[in-house]
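Listed below, chain by chain, are the residues.
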Amino acid sequence: MPGDGIQLVRQKPLVDSLETILARIRSARRILLALDYEGTVAPFAPTPQSGIPPEVIELLSAISAIERVSIAIVSGGSLPDLKRRIAFPAALIANHGLEIETREFSFVHPAAEGMRREVDQACWDLRQAFESIGSVAVENQSLTASVHYRDVSDELGNWVRQTASMVLQPYRDALCCKPVLAAVQVRPRTVWNKGTALRHLLRSAGDAGTLVVCAGDDRTDSDLFRAVPFAVCLKVGDPQATHAGYDMQTPIALLKFLRHILGGMDVRDRQRPRLGPDLAGSSGSVPALPLLTKRSGA
């Protein structure tokens, strides 16, 4: 991210360092796989309602049964939508980190909670601006919103981004907009993101021995890549300057990498994991927030 003081790098092909990475994974006491949803574990499709392929669900279900491995699925979409799509044990980080849910706790960022009305009003204005354009869809995700424009010309995409920015000018004190892959993201103006949410999740257990493996395909996933020191960070899709250390061209390559992880685990590892706050700890400093609540019976 420009101006953050951290130099972006060109990744190395994962295959060049595969054995070294797998050795780190095999020797780690705890492992957290933090995986972006669309474009990473689910294909980037003409509409944002794509699901996870059955073979990926089967593989992640098998990995989630390994005692020392936990999975977190990370998405820019809403928590209810993400919950409908995940059919295996996983912590869920939704709305670009503004919502977190595990078996033990749920979290909503307090500043975002207070801006639901602004998001609703902005979505109404955006829909009015784009109502005559059938290839543009405005999605209200409660805490955030997205203006999707897939399978359109570059010229129309540029117009959508410019128009969304103009429409959102009256909300600039409360909301910000950011162009991402075939969409404009509308979010509360906070410093919270996918990366700070990941550290918040990790911090809940206080176990600093966890190896974090992150994978993502979009600009917003750079927040994941730089969240935890010494994490293994994988950029899925076209190589570009990012905070990830390694690249893989397609989600199929990620699927093969996950199969390597599963195949490298000792049979004694394959027990049902605990979920949520037993994930790990992090040295990153994340402030305690008041809307972290224990679930009943947890």
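Residues numbered from 1 in each chain as written. Predicted model: local features only at pLDDT ≥ 70, side-chain atom pairs only at ≥ 80, totals over all residues. Heavy atoms only, no water.

Examining the pairing of strand β11 (residues 210-216)
The condition is simple: Each residue is placed in one exposure class: buried if its accessible area under a 1.4 Å probe, protein chains only, is under 20% of its type's maximum, exposed if it is over 50%, and partly exposed if it falls in between. Under the scheme used here, helices are H or I runs from DSSP no shorter than 4 residues and strands are E runs no shorter than 2 residues, and both carry numbers assigned from the N terminus. Note on pairing: two strands pair once DSSP finds at least 2 bridges between them.
β11 sits mainly inside the fold: seven of its seven residues count as buried. The alternating pattern of β11 places Thr210, Val212, Cys214 and Gly216 on one face and Leu211, Val213 and Ala215 on the opposite face, and all of these are buried. Two strands pair when backbone bridges link them, and strand β2 (residues 30-36) and β11 are joined in this way by six bridges, in the parallel orientation. Bridge pairing in β11 places Ile31 opposite Leu211. As defined by bridge partners, β11 adjoins strand β12 (residues 232-236) across four bridges and the pair is classed as parallel. Across the sheet, Gly216 pairs through a bridge with Lys235, a residue of β12.

Concerning the sheet that holds strand β7 (residues 137-140)
Two orientations exist for strands paired in a sheet by backbone hydrogen bonds: parallel and antiparallel. So the rule is basically this: For helices, the fitted axis covers only the stretch in contact; all axes are lines through C-alpha atoms, and the angles between them, taken along N-to-C directions, range from 0 to 180 degrees. Whether two residues touch is decided by their heavy atoms; if any such pair falls within 4.5 Å, the residues are in contact.
A sheet is described by the order of its strands in space; here four strands give the open sequence β7-β8-β10-β9, paired in antiparallel fashion. Each having just a single partner strand, β7 and β9 (175-180) make up the two edges of the open sheet. The mean angle between the axes of side-by-side strands here comes to 20°, regardless of whether they run parallel or antiparallel. Alignment of β7 against strand β8 (residues 145-148), held across four bridges, turns out to be antiparallel. In the sheet register, Asn140 faces β8, and the bridge partner there is Ala145. Against the sheet, helix α5 (residues 116-130) contacts β7, β8, β9 and β10 (183-188), and its axis sits at roughly 170° relative to β7.

Digging into the packing of helix α1 (residues 18-27) against helix α9 (residues 251-263)
Where we set the bar: Orientation is classified from the angle alone, with under 35 degrees giving roughly parallel, over 145 giving roughly antiparallel, 65 to 115 giving roughly perpendicular, and any other angle giving oblique. A clockwise turn of the near helix away from the far one marks a right-handed crossing, whereas an anticlockwise turn of less than a right angle marks a left-handed crossing. Any residue that is not Ala, Val, Leu, Ile, Met, Phe, Trp, Tyr, Cys, Pro, Asp, Glu, Lys or Arg is counted as polar, Gly included; the first ten are nonpolar and the last four charged.
At a minimum axis separation of 10 Å, α1 and α9 run at an interaxial angle of 45°. Here α9 runs oblique to α1, going by the angle between their axes. In the crossing of α1 with α9, the sense of the turn from one axis to the other is right-handed. Only Phe257, His260 and Ile261 of α9 make contact with α1, whose side of the interface consists of Leu18, Ile21, Leu22 and Ile25. Residue composition of the contact of α1 with α9, by class: six nonpolar, one polar and no charged.

Regarding helix α2 (residues 54-64)
So the rule is basically this: An arc is given here, and it is the one of the directions from the helix axis to the C-beta atoms.
Taken as a whole, α2 has its buried residues at Val56, Leu59, Leu60, Ile63 and Ser64. Along the axis of α2, the buried residues cluster in a sector spanning 135°; they form a single face. In α2, the exposed positions angled more than 90 degrees off the buried face are occupied by Pro54 and Glu58. Structurally, α2 contributes buried residues whose contacts are with β2, β3 (69-74) and α9.

Brief notes about the pairing of β10
Regular strands have side chains that alternate between both faces of the sheet. Where burial is concerned, most of β10 is hidden: six out of the six residues are buried. Summarising the sheet, β8 and β10 pair through four bridges and their orientation is antiparallel. Bridging across to β10, Ser146 finds its partner in Gln185. Inspection of the sheet shows β9 paired to β10 by six bridges, in the antiparallel sense. By the bridge assignment for β10, Lys178 is matched with Gln185.

Details of the environment of Gly77
Checked against the element boundaries, Gly77 lands in the loop between β3 and α3 (79-85). Considered as a pair, Gly77 and Ser142 are 65 residues apart in the sequence and their alpha carbons are 9.4 Å apart. The residues touching Gly77, leaving out its near neighbours within four places in the chain, are Ala94, Asn95 and Gln141.

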